[in-house]
Amino acid sequence: MSAEQAAGSTAARPVLAELSVGDVVGTRTVEVDRARLVRYAGASGDFNPIHWNDAFAAEVGLPGVIAHGMFTMGAAVALVEDWAGDPGAVVDYQTRFTRPVAVPNPGVATIEVTGAIGAIDADAGTVRVDLTVTFEGARVLGKTQAVVRL
């Protein structure tokens, strides 16, 4: 349990009737460094050398070590989970991987995430949140959409 949960979160959950298509639900910056990639590899079991070995990544034509696509996808949807106030409220999530996130050594790669209401289904009690996920000004995930039951 997080400290915020233990203290009782004061964040109000979104109300379907108060939302409009185009409303921005939030923005987030995610910084990724090599240590974070190592921790993610351990948690996910994905030890592909493109995520930790510069020489190997270059040999296969990458710009260097890249972040795991699933890490990027998960980091992006966290914005929606936080906005909804409940990760279980996300009933569908999908994306397309469009560009790798190169992670320098030393340093960080900065991923920018913005979420906006793309559609509302009052009968189903859901909203579709469209996410824009960029790195160095270019989209790294395409058609990224989360359906949230409110």
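Preceding this section is the structure that the text describes.
Residues numbered from 1 in each chain as written. Predicted model: local features only at pLDDT ≥ 70, side-chain atom pairs only at ≥ 80, totals over all residues. Heavy atoms only, no water.

Student: Let's hear about helix 2 (residues 34-44): which residues, and what values?
Tutor: Listed in full, the buried residues belonging to helix 2 are R34, L37 and A41. All buried residues of helix 2 lie within an arc of 55° about the axis, which places them on one face of the element. Seen from the open side of helix 2, the exposed residues pointing more than 90 degrees away from its buried face are R39 and A43. Contact partners of the buried residues in helix 2: strand 1 (24-32) and helix 3 (54-59). One or two positions beyond helix 2, positive phi appears at G45, with a value near 85°. (Buried < 20%, exposed > 50% of the residue type's maximum accessible area, 1.4 Å probe, protein only. Helix = DSSP H or I, 4+ residues; strand = E, 2+ residues; numbered from the N terminus. Arc of directions from axis to C-beta. Contact = heavy atoms within 4.5 Å.)

Student: Which residues make up the nonpolar core, and what values do they have?
Tutor: In terms of nonpolar packing, the biggest core is built from 33 residues, with V80, W83, V127, V129, L131, V133 and V148 touching the most fellow members. At the level of elements, strand 1, helix 4 (69-84), strand 3 (109-121), strand 4 (126-135) and strand 5 (138-149) are the ones that each hand at least two residues to this core. Considering every element that reaches this core, the biggest residue donor is helix 4, with eight residues. Not counting the four nearest positions on each side in its chain, V133 is found in contact with T72, A76, I111, E112, V113, A138, R139, V140 and L141. (Core = buried A, V, L, I, M, F, W, Y, C linked by side-chain atoms within 4.5 Å.)

Student: Quick rundown of the sheet that holds strand 4? Include the residues and the values.
Tutor: Taken in spatial order, the five strands of this open sheet run 1-3-4-5-2, and their pairing is antiparallel. The open sheet has two edge strands with one neighbour each: strand 1 and strand 2 (90-97). On average, adjacent strands in this sheet sit at an angle of 20° to one another, irrespective of strand direction. Relative to strand 5, strand 2 is paired through six bridges, and the arrangement is antiparallel. Following the sheet pairing, R96 is matched in strand 5 by G142. Helix 4 contacts strand 1, strand 2, strand 3, strand 4 and strand 5 of the sheet and is inclined by roughly 145° relative to strand 2. (Pairing = 2+ DSSP bridges. Axes fitted to C-alpha atoms, helices over the stretch in contact; angles between N-to-C directions.)

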